[in-house]
Amino acid sequence: MPSLGPLPSQSTDHVADPAEGRPDADGAKYDAVVLGAGISGLVSASVLIKQGCSRVLVIDEYPHVGGNHIDRRIGDYTFDIGSFIFQDDSPLLAHLPEILPRYVPIEPSWGRLNPQGMVTQYPISIRDDLVRAGPLEWLRIMLSVLYARLFQRRRSNAREFARYWIGARLLYRSGLENYMRRFYGVPPERIDIRFAEKRMLWIKEHAMVRNLVRRLLAPAAPSGPRNTQLARPAEGFSYLYDVAVKRLESSGVTFLLGQQLHELRRNGDAFRLQTGDGPIGMGRVVSTIPLDRILRLCGKAPDARLSTVTLISLFFSFSGDRGFRDSILYNFSHEGAWKRLTVYSDFYGRAEGREYFTAEVNADHVLNSVEVAEQDFRRHVAANRIFNGDLKLEGSHVVSNAYPVYTDRADEFAAETIADLRAFGVESIGRQGGFDYQPTARVTTLKAEEALQQP
Ligand SMILES: Cc1cc2nc3c(=O)[nH]c(=O)nc-3n(C[C@H](O)[C@H](O)[C@H](O)COP(=O)(O)OP(=O)(O)OC[C@H]3O[C@@H](n4cnc5c(N)ncnc54)[C@H](O)[C@@H]3O)c2cc1C
């Protein structure tokens, strides 16, 4: 496998700047610098302070704290770029305890538009997807599961993984295959098996004969929610994190936001980061920014094998009969590029008498165009008889690097790149820096804690 190659400090022809390695002569000096002020960056700062660092800098090109936790206020509407739901038992709260009272407790429900045009249970409904299908369809589903278990035992990608467990017929009929394509941005046959096993374990658990029999014999008693679901305050993410930023500042953390990052160099045990405001010296670097960004900062070309999804968020307001009750709706149907929508007026109340929501769309599926995404969305919801009334696009947002795409052994290349960065002295972690599909802030927190404990 190709390697990252020598990084600037390792190059033999690099003529050292005499000021390098003596950060105090170079400008501000820190024990550690954290690149990126998302959840990984905030948790890293908290861990570094606990580890005894007295001066930590968190620096970000974004002008806000929270990374891709991005909200937009348009008039009285407050949209997020996607569905952000948190819980009151998250380990993140051990690092940022003061944010808990600022969250809004919510009671969301998750639904799914299935290929038969019905809004039903997410991720699958025994009643609507199986029982309603009728005896002929049951037979086809059973035969296809049997066939897959006997003759399609090879599981080398996400499609083969799902087909083995639920059969090709149910994979198609339930819309799961469409959803995987919409979510990951590529056909499921291109998604690496290791990622499928990690992210789609629930399919295996639901479909194992042993578990099916157990559920039939002793259906699980409905258990109340084990934790409280939370959304950011109506004032936005900045207001949520602001209180934690203040406390971190009082314990030795400095925040530099909206900063251009130009170059990162190493000389001996010290690093020098060139920013729009001048050089900064430090002893330790934790990077949570996208891998291609940190590679460029270190003077290396980004790795084309590591691709990420660009997410278009469409912000709509609506008046009329929306046709479903769930706050979060996934698109499992055979058509329509949008993958999920979140109705914020369920959490914060209507604004100007209207409901409002965000629809997330993978940019690759709409020619990277907000107009195409909007037209496609309108066409699809009309065909499925939802949002029957006045639907108005209030705005949109595009974010690159929304999540990594695991194709063609991308995780192996990412691991290799991260190991090379580590050898250089940069600890690259988080959803972006670790090229790691971390689904929740909870997972992100645990992974950041674990990564920074490593020697
Ligand atoms: C649409 C969406 C919905 C989610 N829903 C939930 C949820 O319901 N509950 C939950 O707990 N978690 C959710 N998550 C996941 C959760 O937000 C992440 O696990 C966590 O925020 C990752 O934090 P991070 O600091 O590692 O990375 P990020 O927040 O992704 O970013 C880290 C840093 O990378 C830099 N960066 C990122 N993107 C770019 C870019 N395009 N260009 C330049 N720099 C960039 C910025 O400096 C940023 O500060 C969701 C994520 C997304 C994208």
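Throughout this document, residue positions are counted from 1 along each chain, in the order its sequence is written. Owing to the predicted nature of the model, reporting of local features is limited to residues with pLDDT of at least 70; listing and counting of side-chain atom pairs is limited to 80 or more, with chain, interface and lining totals taken over all residues. Computation of side-chain values: all heavy atoms of the structure, hydrogens and water removed.

### Let's talk about the site of the ligand
For this description, a residue counts as near a given molecule or strand if any of its non-hydrogen atoms is within 4 Å of it. Neighbouring the ligand are 32 residues, the closest being S40, D60, S83, A441 and T444. Here a polar contact is recorded for every N or O atom pair within 3.5 Å, except that within protein the pair must consist of a potential hydrogen donor and a potential acceptor, and residues adjacent in sequence are included only if both atoms are side-chain atoms. Between the ligand and A37, the relevant distance is 3.4 Å, taken from an oxygen atom to a main-chain nitrogen or oxygen of the residue. In this structure, a nitrogen atom belonging to the ligand sits 2.7 Å away from a main-chain N or O atom of S83. To be clear on the numbers: accessible area is Shrake-Rupley with a 1.4 Å probe, and residue cover counts the displayed protein chains and nothing else. If the ligand stood free it would expose 980 Å²; the protein chains cover 92% of that surface. Residue classes follow a fixed rule: Ala, Val, Leu, Ile, Met, Phe, Trp, Tyr, Cys and Pro count as nonpolar, while Asp, Glu, Lys and Arg count as charged, and any other residue, Gly among them, counts as polar. Each residue belonging to the shell around the ligand can be placed in one class, and the counts come to twelve nonpolar, 16 polar and four charged.

### Overview of the packing of helix 5 (residues 135-151) against helix 6 (residues 158-173)
Here, axes are lines fitted to C-alpha atoms. For helices the fit covers the stretch in contact, and angles between N-to-C directions go from 0 to 180 degrees. By the criteria applied, helices consist of DSSP H or I runs no shorter than four residues and strands consist of E runs no shorter than two, each listed in order from the N terminus. As a packed pair, helix 5 and helix 6 sit with axes 7 Å apart at the nearest point and diverge in direction by 145 degrees. Both helix 5 and helix 6 take part in a crossing whose hand is right-handed. For the pair formed by helix 5 and helix 6, the contact residues are E137, R140, I141, S144, V145, A148 and R149 on the first element and R163, Y164, W165, I166, G167, A168, R169, L170 and R173 on the second. Handedness of a helix crossing follows the sense of rotation of the near helix relative to the far helix, less than a right angle counterclockwise being left-handed and clockwise being right-handed. Residues count as neighbours in contact if any of their non-hydrogen atoms are within 4.5 Å of one another.

### Details of the packing of helix 2 (residues 39-50) against helix 17 (residues 441-453)
Where helix 2 meets helix 17, the axes come as close as 9 Å, and the angle between the chain directions of the two elements is 40 degrees. With respect to each other, helix 2 and helix 17 are oriented oblique. Judged by the twist between their axes, the crossing of helix 2 over helix 17 is right-handed. For the pair helix 2 and helix 17, contact is made by I39, S40, V43, S44, V47 and L48 and by A441, T444, T445, A448, E449, L452 and Q453, respectively. Within the contact of helix 2 with helix 17, the residues separate by chemical class into seven nonpolar, five polar and one charged. In what follows, roughly perpendicular refers to angles from 65 to 115 degrees, roughly parallel to angles under 35, roughly antiparallel to angles over 145, and oblique to any angle outside these ranges.

### Concerning the sheet that holds strand 6 (residues 104-106)
Pairs of strands are assigned from DSSP output, requiring at least two bridges between the strands. Pairing is antiparallel across the open sheet formed by three strands, whose spatial order is 5-9-6. Of all the strands in the sheet, the pair left with one neighbour each is strand 5 (86-87) and strand 6. Taken together, the three bridges between strand 6 and strand 9 (residues 229-231) define a ladder with antiparallel strand orientation. For I106, the partnering residue across the bridge sits in strand 9 and is Q229.

### Comments concerning the environment of V370
Examined against the element boundaries, V370 turns out to sit in helix 14 (residues 370-383). A sequence separation of 28 residues divides V370 from V398, and the C-alpha atoms of the two residues are 8.6 Å apart. Once residues lying within four places of it in the same chain are set aside, the contact partners of V370 are I312, L314, S396 and V398.

### Let's talk about the side chain of E160
Looking at the secondary structure, you find E160 in helix 6. Burial classes: relative accessible area under 20% of the type maximum marks a residue as buried, over 50% as exposed, and values in between as partly exposed (1.4 Å probe, protein chains only). Judged by its relative accessible area of 11%, E160 is buried. Within the local environment of E160, its side chain forms a polar contact with the side chain of S156, the two groups lying 2.8 Å apart.

### Regarding the pattern of salt bridges
What makes a salt bridge here is a side-chain nitrogen of Lys or Arg within 4 Å of a carboxyl oxygen of Asp or Glu, nothing more. Within this structure, the stated rule accounts for 25 salt bridges. In this structure, E61 and R293 form a salt bridge, with 2.4 Å as the shortest nitrogen-oxygen distance. Taken together, the positions of E61 in the loop between strand 2 (56-59) and strand 3 (71-74) and R293 in helix 12 (residues 291-297) put the pair 232 residues apart, joining distant regions of the chain. By relative accessible area, which is 29% here, E61 ends up partly exposed. Across the pair E263 and R265 runs a salt bridge whose closest N-O atoms are separated by 3.1 Å.

### A few points about the nonpolar core
We define a nonpolar core as any set of buried Ala, Val, Leu, Ile, Met, Phe, Trp, Tyr and Cys residues linked to one another through side-chain atoms lying within 4.5 Å. In this structure, I99 and Y241 are the most contacted members of the largest nonpolar core, which totals 82 residues. Looking at which element gives the most residues to this core, the answer is helix 6, with eight residues. When residues of this core are sorted by domain, at least three fall in each of domain 1 (28-68 + 235-304 + 407-453) and domain 2 (125-217). Filtering out sequence-adjacent residues up to four positions away, Y241 remains in contact with I39, L42, V65, G66, H69, L96 and I99. Core analysis: the next-biggest nonpolar cluster, separate from the first, contains 27 residues, Y30, V33, L264 and F424 among them. Annotation comment: domain bounds sourced from an automatic or database domain assignment.

### Structural notes on the sheet that holds strand 8 (residues 119-121)
Strands in a sheet are paired, the pairing made by backbone hydrogen bonds, and the direction either parallel or antiparallel. Here we have seven strands laid out as an open sheet, ordered 8-7-15-16-17-14-18, and mixed in their pairing. The open sheet terminates on both sides in strands that have one partner only, identified here as strand 8 and strand 18 (388-404). Sheet twist, expressed as the average angle between the axes of neighbouring strands with direction ignored, equals 25 degrees. As judged from the three bridges shared by strand 15 (residues 328-331) and strand 16 (residues 338-343), these two strands associate in the antiparallel manner. When the bridges of strand 16 are listed, I328 appears paired with T342.

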